[in-house]
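# Geometric and topological summary
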Amino acid sequence: MIATTDRTPLPRTFFDRPVLEVAPDLLGRLIVRTTPEGPITLRLTEVEAYDGGNDPGSHAYRGPTARNGVMFGPPGHVYVYFTYGMWHCMNLVCGPQGAASAVLLRAGEIVEGAEHARKRRLSARHDKELAKGPARLATALDVDRALDGTDACAAGETPLRILTGAAIPSDQVRNGPRTGVSGDGAVHPWRYWVADDPTVSPYRAHVPRRRRS
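A short tour of the structure in this document, coming up. (Residues numbered from 1 in each chain as written. Predicted model: local features only at pLDDT ≥ 70, side-chain atom pairs only at ≥ 80, totals over all residues. Heavy atoms only, no water.)

### Remarks on the overall build of the chain
Counting its secondary structure elements, the chain contains four helices and nine strands. Secondary structure elements of the chain, listed N to C terminal, follow the sequence β-α-α-β-β-β-β-β-α-α-β-β-β. C-alpha extents for the chain along the principal axes are approximately 45 × 40 × 35 Å. Looking at the chain as a whole, 52% of its 213 residues are labelled buried. (Helix = DSSP H or I, 4+ residues; strand = E, 2+ residues; numbered from the N terminus. Buried < 20%, exposed > 50% of the residue type's maximum accessible area, 1.4 Å probe, protein only.)

Structure below.
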């Protein structure tokens, strides 16, 4: 658990920066998701940066599509994609507008509303696993494509917002290769995590999917 936190919403200017600055700075920040059962608050412990047209690993590398359009919009918005025909993953768009960079939210600690997250993550053996991995995080927070494009910096009532929380000191931040990224994008050490945090997901290199004969 975190000792002291700042519950001030992060301003849009926080996200209107290069993605490699925003990504490690997101560690320790709070995601507050409003659900029908009640709010769920998550402290971010692991993220990955994706740098748009400069990054072969990014969904936006080859330009805008119906799927990735939110990435080309204003910073501070939520980009949600569906993967492997069963899972959703959540990203936060960084600036400037048109650059199409985003940070994938890979893992976190549920610090409030764990009872609501448990109902969606019945296979979790304990609370440290509730949001240990990007699909688990999205599931625990009840995130799907309906939230794609949500303005996480909007004032007033919003289904999802980002609070200042407690930034992680730089000597406790680690970085390394991104999980499951192949090709030229695999060389970038753009996954960032909180050292020794039990909610951080294990690293897995990309494994090519077998084609059906």
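### A few points about the side chain of His-116
Secondary-structure assignment places His-116 in helix α3 (residues 114-120). Among the residues examined, His-116 registers a relative accessible area of 11% and is labelled buried. Residues contacting His-116, with those up to four places away along its chain left out, are Glu-37, Gly-38, Pro-39 and Ile-40. (Contact = heavy atoms within 4.5 Å.)

### Some remarks on the layout of surface pockets
One number sums up the size of the largest pocket: a volume of about 1,300 Å³. As for the largest pocket, its lining consists of 43 residues, of which Tyr-81, Thr-83, Tyr-84, Thr-179 and Gly-180 are closest to the centre. Examining the composition of the lining of the largest pocket, we find that four residues originate from one element, helix α4 (residues 134-140), more than from any other. Partitioned by chemical class, the residues of the lining of the largest pocket number 18 nonpolar, 13 polar and twelve charged. (1 Å grid on protein atoms, 1.4 Å probe; cavity = no way out; pocket = protein on both sides within 12 Å on 5 of 7 lines; lining within 4 Å. Points joined across faces, edges and corners; volume = space filled by probe spheres on them. Nonpolar A, V, L, I, M, F, W, Y, C, P; charged D, E, K, R; others polar.)

### Some points on unusual backbone geometry
Gly-95 connects to Pro-96 through a cis peptide bond whose omega is 0 degrees. Here Pro-96 lies in the loop between β5 (87-94) and β6 (101-112). Here the phi dihedral of Tyr-84 falls at roughly 55 degrees; this positive angle occurs in a residue that is not glycine. Tracing the backbone through its elements, the reader meets Tyr-84 in the loop between β4 (78-83) and β5. Looking at Tyr-84, the relative accessible area reads 56%, which means it is exposed. Notably, Asp-142 is not glycine yet its phi reads approximately 60 degrees, a positive angle. With respect to the helices and strands, Asp-142 occurs in the loop between α4 and β7 (160-165). In this structure Asp-142 comes out as partly exposed when scored by relative accessible area, which is 28%.

### With respect to the nonpolar core
Counting 42 residues, the largest nonpolar core has Leu-26, Ile-31 and Leu-105 as its most contacted members. Among the elements that line this core, the one with the most residues is strand β3 (residues 38-51), at five residues. Counting residues in hydrophobic clusters, the runner-up holds twelve residues, among them Cys-89, Ala-100, Ala-102 and Val-181. (Core = buried A, V, L, I, M, F, W, Y, C linked by side-chain atoms within 4.5 Å.)

### Focus: the pairing of β4
Burial within β4 is extensive, with five of its six residues counted as buried. As defined by bridge partners, β4 adjoins β5 across six bridges and the pair is classed as antiparallel. Paired with Val-80 across the two strands is Met-90, which belongs to β5. In this antiparallel pair of consecutive strands, β4 and β5, the connection spans three residues, and Tyr-84 shows a positive phi of 55 degrees. (Pairing = 2+ DSSP bridges.)

### Here we look at the environment of Gly-149
Summarising the element assignment, Gly-149 is placed in the loop between α4 and β7. Since its relative accessible area comes to 28%, Gly-149 is described here as partly exposed. C-alpha of Gly-149 to C-alpha of Pro-74: the two residues are 75 residues apart in sequence and 9.6 Å apart in space. Not counting the four nearest positions on each side in its chain, Gly-149 is found in contact with Val-70, His-77 and Val-78.

### Some details on the environment of Pro-177
Assignment of secondary structure puts Pro-177 in the loop between β8 (173-176) and β9 (191-194). Here Pro-177 falls in the partly exposed class, since its relative accessible area comes to 36%. In sequence terms Pro-177 and Arg-191 are 14 residues apart; their C-alpha atoms lie 5.8 Å from each other. If we skip the residues at most four places from it in the chain, Pro-177 touches Ala-186, His-188, Pro-189, Arg-191 and Tyr-203.

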